[in-house]
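# Summary of structural features
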Amino acid sequence: MYIEVKDACKNYVQDGREFTALDHVSLDIEKGEFICLLGPSGCGKSTLLNALAGVEKVNSGSVKIDGKEVTAPSINNITIFQNYGLLPWRNVLKNVELGLESKKIPKEEREKTAKKYLALVGLSGYEERHPKQLSGGQQQRVAIARGLAVDPDIIFMDEPFGALDAITRMKLQEDILRISREEKKTIIFVTHDIEEAVFLADRIVVMMADPGRIKSIVKVPLGTHRDRTNDDFLYVRDKIFELFNMKVDDYIEYNI
Ligand SMILES: Nc1ncnc2c1ncn2[C@@H]1O[C@H](COP(=O)(O)OP(=O)(O)OP(=O)(O)O)[C@@H](O)[C@H]1O
């Protein structure tokens, strides 16, 4: 198995009380899978993502990638956050080149690669602009291009579209789904949006809070082209709503 989480536990002490952010969490992920970690606030999604990314250590149990225990962040993986993390003094092209610079890629090749990924996220022609001259959605596209440019093994995304309006968010979801298929990346994506998870994931890891744990893992039996209005899509979405006991009664009373 490519990614293996076994019996992972993580506790924090909050106001003198011990809080279980991850309670015996086990999860296997194959290379190339798109996994969404879905659940309400405080269920440990970010904690699990951070443990996989090597930013936080679990108290017990193990987290392995490619057979090796994760102890620190790897330069082979990247994380994309909600707040874009672009450098305001650099233009778009130079922001995308950032990771390539630390990999000591020569200038010409850097520029070529950065332009390729800017085209992939639909931002050709924006190379000279600075982050503040872009919308939130465009800034997140730059962050995605920057992440992809270094050809990472795994992309960790922590509510990357959380700050965007609904329409922009849907557009970016479509793009990241297309890109994930084209680039065949392993993606671990944190969200609390059920529809977003159903639209994107191969499998949805449904988590619950207090203690943070996995309630179930749902395989999404939808193809590569997903349509939010399609019956199959709505069926899967309803199933997930049911897991959270949030499905409203089908019975509707009409008054004419
Ligand atoms: N550094 C920390 N110190 C103390 N408690 C923490 C720390 N990080 C997280 N926690 C607690 O652990 C629990 C899980 O947090 P986590 O951020 O993983 O949840 P989440 O599911 O990602 O929530 P959200 O959707 O609100 O970001 C929360 O109750 C949180 O308060």
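The residue numbering used here restarts from 1 in each chain and proceeds along that chain's sequence as written. The predicted origin of the model limits local features to residues at a pLDDT of at least 70 and limits the giving and counting of side-chain atom pairs to 80 or more, whereas totals for whole chains, interfaces and linings rest on all residues.

## Things to note about the overall build of the protein chain
- Tallying secondary structure elements over the protein chain gives seven helices and 10 strands in all.
- A compact globule built from 256 residues should have a C-alpha radius of gyration of about 18 Å, and the protein chain, at 19 Å, falls within 12% of that.
- When its C-alpha atoms are laid out on the principal axes, the protein chain stretches across 60 × 55 × 35 Å.
- Burial in this document is a count-based property: other C-beta atoms within 10 Å of a residue's C-beta are tallied, and the residue is buried at 20 or more, exposed at 12 or fewer, or partly exposed in between, with C-beta positions derived from the backbone. Each of the 256 residues in the protein chain was classed as buried or not, and the buried ones make up 38%.
- Placing a C-beta atom from the backbone of each residue, one calls two residues in contact when those atoms lie within 7 Å. When contacts within the protein chain are restricted to residue pairs at least 6 apart in sequence, long-range pairs at least 24 apart make up 68% of them. Runs of E in the DSSP output that reach at least two residues are strands. Runs of H or I that reach at least four are helices, and both are numbered from the N terminus. Atoms counted for the radius of gyration: C-alpha only. Globule rule: 2.2 Å times residue count to the power 0.38.

## Description of unusual backbone geometry
- With an omega of 0°, the peptide bond between Asp-210 and Pro-211 qualifies as cis.
- Structurally, Pro-211 is set in the loop between β9 (203–208) and β10 (213–219).
- Its identity as a non-glycine residue notwithstanding, Asp-66 has a phi of 55°, on the positive side.
- If you trace the backbone, Asp-66 turns up in the loop between β4 (60–65) and β5 (68–69).
- Among the residues examined, Asp-66 registers 14 C-beta atoms within 10 Å and is labelled partly exposed.
- In this structure, Asp-210 takes a positive phi of about 50° despite not being glycine.
- With respect to the helices and strands, the residue Asp-210 is situated in the loop between β9 and β10.

## Considering the confidence of the model for the protein chain
- Per residue, pLDDT captures the predictor's confidence, and it can take any value from 0 to 100. Chain-level pLDDT for the protein chain is 91 on average; 96% of the residues reach the 70-or-more range.
- Predicted complex metrics record ipTM = 0.93 and pTM = 0.91.

## Quick notes on the pairing of β4
- One requirement defines pairing of two strands: DSSP has to find at least two bridges between them. Strand direction decides the pairing type here: strand β1 (residues 3–14) and β4, joined by five bridges, are antiparallel. The residue of β4 that forms the bridge with Cys-9 is Ser-60.
- Hairpin connection from β4 to β5: two residues lie between these consecutive antiparallel strands, with Asp-66 at a positive phi of about 55°.

## Let's talk about the packing of helix α3 (residues 107–120) against helix α4 (residues 136–149)
- The angle between two axes is taken between their N-to-C directions and runs from 0 to 180 degrees, where each axis is a line fitted to C-alpha atoms and a helix contributes only its stretch in contact. Where α3 contacts α4, the two axes come as close as 9 Å, and the packing angle between them is 130°. Classified by the angle between their axes, α3 and α4 sit oblique to one another. Both α3 and α4 take part in a crossing whose hand is right-handed. For the pair α3 and α4, contact is made by Thr-113, Ala-114, Tyr-117, Leu-118 and Leu-120 and by Ala-145, Leu-148 and Ala-149, respectively. Roughly parallel here means an angle under 35 degrees, roughly antiparallel means over 145, roughly perpendicular means 65 to 115, and every remaining angle is called oblique. Crossings are sorted by hand: turned counterclockwise from the far helix by less than a right angle, the near helix makes the crossing left-handed, and turned clockwise it makes it right-handed.

## Re the nonpolar core
- In this structure, Ile-35, Cys-36, Leu-37, Leu-52, Ala-145 and Val-205 are the most contacted members of the largest nonpolar core, which totals 66 residues.
- Beyond its immediate sequence surroundings of up to four residues, Cys-36 is in contact with Phe-189, Thr-191, Ala-197, Leu-200, Ala-201, Ile-204 and Val-205. Note on definitions: a nonpolar core is a set of buried residues drawn from Ala, Val, Leu, Ile, Met, Phe, Trp, Tyr and Cys, linked by C-beta atoms within 7 Å.

## Observations regarding helix α7 (residues 231–243)
- Along its 13 residues, α7 runs 19 Å from first to last C-alpha, staying within 8% of the 18 Å computed at 1.5 Å per residue.
- One or two residues past the end of α7 sits Asn-245, with phi positive at roughly 55°. Each residue after the first adds 1.5 Å to the expected span of a helix.

## Let's talk about the UniProt feature "domain: ABC transporter" (unreviewed entry) in the protein chain
- UniProt positions are given in the numbering used here, feature names are shortened, and annotations may be inferred rather than shown by experiment. Annotation from UniProt places "domain: ABC transporter" (unreviewed entry) at residues 3–234.
- Segment residues 3–234 splits into 33% helix and 28% strand. End C-alpha atoms: 30 Å apart.

## Quick look at the sheet that holds β5
- Sheet architecture is open: four strands sit in the order β2-β1-β4-β5, paired in antiparallel fashion. Of all the strands in the sheet, the pair left with one neighbour each is β2 (17–29) and β5.
- Sheet topology places β4 next to β5; two bridges connect them, and they run antiparallel. The residue of β5 that forms the bridge with Ile-65 is Lys-68.

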